[in-house]
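Breakdown of the fold
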Amino acid sequence: MNTAKMRTQTWKKIKARWQLYLLLLLPLAYIIVFAYVPMSGLIIAFKDYDFRKGIFDSPWVGLKHFQNFFHSYKFKLVLKNTLTLSIYSLAVSFPIPIVFALLLNSMRNRRYAKLIQTVTYVPHFISTVIIVGLLTQILSNRTGIYGTLYTLITGETGPNILASGPLFKHIYVWSGVWQNMGYNAIIYIAALAGVDTSLHEAAMIDGATKVQRIRYIDFPTILPTATIMLILAVGQIMNLGYEKVLLMQNDLNLNYSEIISTYVYKVGLASGITNFSLSAAISMFNSVINFILLLTVNKITKKLSGSGIF
């Protein structure tokens, strides 16, 4: 089939479904304006950006800012903290929604199951500021629930958990699990809703237990979905949101809580001498690592399971 004929057929399909393509214009415009147009500003990572001269007239410096970041004493620290929090969060928060969805789907009392789903779903919509405020109210060693109970039992002031560096990652990850477990399980619950009930009925007639039905019917059903979600999660492994980390930071846990995103924010905006070029270089390094991880995991999962995002 020649190119002209293919173009003609494509335009015919577009005309036949023009309403759908019209609906795509708004999200397409959003992506172009807020995702692709700002990419032109990435060139300041290779320049000494001067606000008075603008992006395009600032002098080129090559890889200077990348080298400065790699040789900085903060490089190993922020990279280690970012990977520690990301991998820990992925290892915990990825399988828990899958297990939760499988257990919820196997419950016989559907009204009770829906109640549990709603209760676990709601925390996702609580803002990050309120979540950190709740953590402070609960874990404060002086005014929080933990501190009050500790003092009531021992008569002494409890250890300051929120200022403990080694405990920071646990508080961050498990509070995130509580907040997002129900919401993240929705996609798996939706996939399980498509399982043919006759499969379960046939398995029950053959004497299969509930655990066996989950293992051989439900789990294979959500495996392709779980694979895609894993690839996307690994592709974002370096992109920890800085809001929650920044709000939980203090001088005592800074060596354990300083990650790439908070460092970029401080270098670019919060420090006394703003360095937009250095912050752009760090962000670009972060994005390139994520892109490489995404391609690698997608290739591996495609070979192992045949499922991938592209």
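Everything discussed here concerns the structure shown above.
My aim in this report is to walk through the structure given alongside it, one point at a time. Since the model is a prediction, treat every value here as computed from it, not as a measurement. (Residues numbered from 1 in each chain as written. Predicted model: local features only at pLDDT ≥ 70, side-chain atom pairs only at ≥ 80, totals over all residues. Heavy atoms only, no water.)

With that out of the way, let us pick up the overall build of the chain. The helix and strand tally for the chain stands at 16 helices and zero strands. Here the chain has a C-alpha radius of gyration of 25 Å; the compact-globule value for 310 residues is 19 Å, and the former is much larger. Viewed in the frame of its principal axes, the chain has a C-alpha envelope of about 85 × 75 × 35 Å. Looking at the chain as a whole, 34% of its 310 residues are labelled buried. Sequence separation of at least 24 residues holds for 61% of the intrachain contacts in the chain that already meet a minimum separation of 6. When the accessible surface of the chain is totalled, it reaches about 19,800 Å², and 67% of it is carbon and sulfur. Of the side-chain charges in the chain, 27 are positive and 11 negative, and the distance between the mean point of each set is 9 Å. (Helix = DSSP H or I, 4+ residues; strand = E, 2+ residues; numbered from the N terminus. Rg over C-alpha atoms; globule rule 2.2 N^0.38 Å. Buried < 20%, exposed > 50% of the residue type's maximum accessible area, 1.4 Å probe, protein only. Contact = heavy atoms within 4.5 Å. Areas by Shrake-Rupley, 256 points an atom, 1.4 Å probe, with all protein chains shown as cover. Lys, Arg positive; Asp, Glu negative; His and termini not counted. Charge placed at Lys NZ, Arg CZ, Asp CG, Glu CD.)

So, about the pattern of salt bridges. Per the stated rule, a full pass over the model turns up four salt bridges. Asp50 is paired through a salt bridge with Arg52; the nearest N and O atoms lie 3.4 Å apart. The salt bridge partner of Lys266 is Glu258, with a shortest N-O separation of 3.2 Å. (Salt bridge = Lys/Arg side-chain N within 4 Å of Asp/Glu carboxyl O.)

To continue, consider the nonpolar core. Core analysis: the largest hydrophobic core is formed by 18 residues, its most contacted members being Leu85, Leu135, Phe168, Ile171, Tyr172, Val173 and Met248. Elements supplying a minimum of two residues to this core: helix 4 (73-93), helix 7 (128-139), helix 9 (165-184) and helix 13 (242-248). When residues of this core are assigned to their parent elements, the largest contribution, five residues, is made by helix 9. Each residue touching Met248, except ones within four places of it in the same chain, is listed here: Val132, Leu135, Phe168, Ile171, Tyr172 and Asn253. Judged by nonpolar contacts, the second largest core, of 17 residues, contains Ile98, Leu104, Ile189 and Leu192. (Core = buried A, V, L, I, M, F, W, Y, C linked by side-chain atoms within 4.5 Å.)

Another point: the packing of aromatic side chains. Under the counting rule described, the total for this entry stands at 16 aromatic pairs. Between the aromatic rings of Phe70 and Phe75, the centroid separation amounts to 5.4 Å while the plane-to-plane angle is 70°, which identifies the pairing as edge-to-face. Judged by its relative accessible area of 36%, Phe70 is partly exposed. The buried category is assigned to Phe75, whose relative accessible area is 16%. Here a set of aromatic residues connected by ring pairs shows up, and it is made of Phe69, Phe70, Phe75, Tyr263 and Phe285. When the ring centre of Tyr172 is taken as reference, the NZ or CZ atom of Lys244 above it lies at 4.9 Å. (Phe/Tyr/Trp six-rings, centres within 6.5 Å; stacked < 30°, edge-to-face > 60°. Lys NZ or Arg CZ within 6 Å of the ring centre and 35° of its normal.)

Attention now moves to the environment of Ile131. Within the secondary structure, Ile131 is located in helix 7. Given the relative accessible area of 2%, Ile131 is considered buried. Sequence spacing of Ile131 and Val37 is 94 residues, and the spatial spacing of their C-alpha atoms is 33 Å.

Right, let's get into the packing of helix 7 against helix 9. At a closest axis distance of 12 Å, the pairing of helix 7 and helix 9 adopts a crossing angle of 120°. Crossing handedness for the pair helix 7 and helix 9: right-handed. Only Ile171, Ser175, Trp178 and Gln179 of helix 9 make contact with helix 7, whose side of the interface consists of Ile131, Leu135 and Leu139. Per-class residue counts for the contact of helix 7 with helix 9 are five nonpolar, two polar and no charged. (Axes fitted to C-alpha atoms, helices over the stretch in contact; angles between N-to-C directions. Left-handed = near helix turned anticlockwise from the far one by under 90°. Nonpolar A, V, L, I, M, F, W, Y, C, P; charged D, E, K, R; others polar.)

Right, let's talk about the side chain of His65 for a bit. Within the secondary structure layout, His65 lies in helix 3 (residues 64-70). Here Lys47 takes part through its backbone oxygen, which lies 2.9 Å from a polar atom of the side chain of His65. (Polar contact = N/O pair within 3.5 Å; in protein donor to acceptor, adjacent residues only side chain to side chain.)

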